[in-house]
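Structure at a glance
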Amino acid sequence: MKLNERGLLIVISGPSGVGKGTVRKALFELGKHNLEYSVSMTTRPPREGEKDGVDYYFVSREEFEQRIKEGKFLEYAEFVGNYYGTPLDYVEESLAKGKEVVLEIEVQGALQVREKMPDAVFIFIAPPSRQALRERLMKRATEPEEVINQRMEKAEREIHMAYKYDYIVVNDTVENAADRIMAIIRAEHARTERTIQKYMKMLELEVE
Ligand code: 5GP
């Protein structure tokens with residue numbers, strides 16, 4: 001398969017509590033593009049309602065560390081005491097088939113992908129205000145206060161990384177954020193460097 005037929009890798013990232021997961025789900029519900037979600041692996045225990053293989057692949061610490069040694073992650077990070085990582089094979093195979101792969105990952109992981117796959121599209125989901133971010137973190141009643149405080153501190157540090165991304169999307173409403181991401185994906189498809197070879201071939205012209 002030719003390089004220009006490789007799929008697009010879309011990295012959705014941003015601080016903890018900004019609503020990345022909800023925005024990602026809304027994006028998939030728009031159903032307007034052939035997007036594939038890369039299910040991450042984690043050592044965090046499942047929350048109520050979460051399904052293995054759908055929300056995450058839930059594994060033990062030993063298993064995760066074994067996979068790190070075997071080089072099976074495109075990126076991984078330790079986040080508030082648990083490992084999270086993107087399985088490399090799935091991403092590689094899907095991109096090779098020309099699919100659009102969406103990762104929803106925290107900031108350290110996104111920066112690793114930036115190094116390894118610089119032609120991916122990096123989107124930073126930002127909170128509409130500081131207060132909104134704090135309120136969102138407080139509402140996560142599933143977690144003890146100590147974890148919430150750790151996440152708030154971490155979120156503040158992560159927001160400083162926004163300048164490393166290609167796009168910033170403010171999550172004022174989930175629908176708006178999902179629409180903006182879809183607009184970005186469409187625009188990225190029209191980028192000259194992504195389309196020139198295919199287009200020239202279509203017109204039976206040489207690329208200069
Ligand atoms: P949660 O425990 O709330 O599901 O996720 C915690 C954080 O880990 C979120 O910011 C989420 O986006 C991020 N995350 C989920 N999967 C991955 C992954 O594969 N790699 C990295 N680096 N972060 C991930």
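Look up: the structure comes first, before these words.
What you see is a predicted model, and the numbers here were worked out from it, not measured in a lab.

Parameters at a glance
Per-chain numbering applies: the sequence of each chain, read as written, is numbered from 1 onward. It should be noted that, the model being predicted, local features are given only for residues of pLDDT at least 70 and side-chain atom pairs only at 80 or more, the latter also being counted only at that level, while totals for whole chains, interfaces and linings use all residues. Working from all heavy atoms in the structure, the side-chain values ignore hydrogens and water. We define a salt bridge as a contact between a side-chain nitrogen of Lys or Arg and a carboxyl oxygen of Asp or Glu at a distance within 4 Å. Helix and strand definitions here come from DSSP, where helices need a minimum of 4 consecutive H or I residues and strands a minimum of 2 consecutive E residues; each element is numbered from the N-terminal end. Exposure categories follow from relative accessible area, calculated using a 1.4 Å probe and restricted to protein chains: below 20% of the type maximum is buried, above 50% is exposed, and the middle band is partly exposed. Each aromatic pair joins two rings of Phe, Tyr and Trp (for Trp, the six-membered one) with centres within 6.5 Å, and gets the label stacked for planes under 30 degrees apart, edge-to-face for over 60, and tilted for any other angle. Geometrically, a charge over a ring is one whose NZ (Lys) or CZ (Arg) sits within 6 Å of the ring centre while staying within 35 degrees of the ring normal. Any residue with at least one heavy atom within 4 Å of a molecule or strand is counted as near it. The definition of a polar contact used here is a pair of N or O atoms within 3.5 Å, where within protein one atom must be able to donate a hydrogen and the other to accept one, and adjacent residues in sequence count solely through side-chain atom pairs. Under the convention used here, a 1.4 Å probe and the Shrake-Rupley method define accessible areas, while residue burial counts only the protein chains that appear. Buried residues of nine kinds, namely Ala, Val, Leu, Ile, Met, Phe, Trp, Tyr and Cys, make up a nonpolar core once their side-chain atoms join them within 4.5 Å. Residue contacts are counted whenever heavy atoms from the two residues lie within 4.5 Å of one another.

**Comments concerning the pattern of salt bridges**
The full count for this structure, using the stated rule, is 14 salt bridges. Residue arginine 114 is joined to aspartate 166 by a salt bridge in which the shortest nitrogen-to-oxygen separation is 3.0 Å. With arginine 114 in helix α4 (residues 107–116) and aspartate 166 in the loop between α6 (145–159) and β9 (167–170), this pair connects stretches of sequence that are 52 residues apart. According to the relative accessible area criterion, arginine 114 is partly exposed, its value standing at 25%. Arginine 191 is paired through a salt bridge with glutamate 193; the nearest N and O atoms lie 3.9 Å apart. For arginine 191, a relative accessible area of 35% corresponds to the partly exposed category. With a relative accessible area of 61%, glutamate 193 lands in the exposed category. By sharing partners, the salt bridges in this structure join Glu188, Arg191, Glu193 and Arg194 into a single network.

**Some points on the packing of aromatic side chains**
Following the criterion strictly, the structure yields 10 aromatic pairs and no others. Taking 6.1 Å as the distance between ring centres and 80° as the angle between the ring planes, the aromatic pair formed by phenylalanine 28 and tyrosine 37 counts as edge-to-face. Of the residues examined, phenylalanine 28 reaches a relative accessible area of 26% and is grouped as partly exposed. By relative accessible area, tyrosine 37 is classed as buried at 14%. Relative to tyrosine 76, the ring of phenylalanine 73 has its centre 6.1 Å away and its plane inclined at 50°; by these criteria the two rings are tilted. What links up through ring pairs into an aromatic cluster is the set Tyr56, Phe58, Phe79 and Tyr84. Directly above the ring of tyrosine 37 sits arginine 24, whose terminal nitrogen or CZ lies 3.7 Å from the centroid.

**Quick look at the site of the ligand**
Taken together, 17 residues lie around the ligand, and Ser40, Arg44, Tyr56, Tyr84 and Glu106 are the ones closest in. Within the backbone of glycine 85, an N or O atom sits 3.0 Å from an oxygen atom of the ligand. Taking glutamate 104, its side chain carries an N or O atom lying 3.0 Å from an oxygen atom of the ligand. In the complex, the protein chains occlude 95% of the 510 Å² of accessible area that the ligand would expose alone. Elements supplying a minimum of two residues to the shell around the ligand: β5 (73–79) and β6 (82–87).

**Quick look at unusual backbone geometry**
For valine 80, which is not glycine, the phi torsion reads 45° and is therefore positive. With respect to the helices and strands, valine 80 occurs in the loop between β5 and β6. By relative accessible area, which is 23% here, valine 80 ends up partly exposed. Positive phi values are uncommon outside glycine, yet glutamate 204 reaches one of about 55°.

**Quick word on the nonpolar core**
Among the nonpolar cores identified, the biggest contains 19 residues, and Ile10, Ile123, Ile125 and Ile181 are the most heavily contacted of them. Contributing elements (two or more residues each) for this core: β1 (9–13), α1 (20–30), β8 (121–126) and α7 (174–189). No other element matches α7, which puts 6 residues into this core. Discounting residues that sit within four places of it in the chain, isoleucine 123 has contacts with Ile10, Val11, Ile12, Ser13, Tyr165, Tyr167, Val169, Ile181 and Ile184. Counting 18 residues, the second largest nonpolar core, distinct from the first, contains Val11, Val113, Met117 and Phe124.

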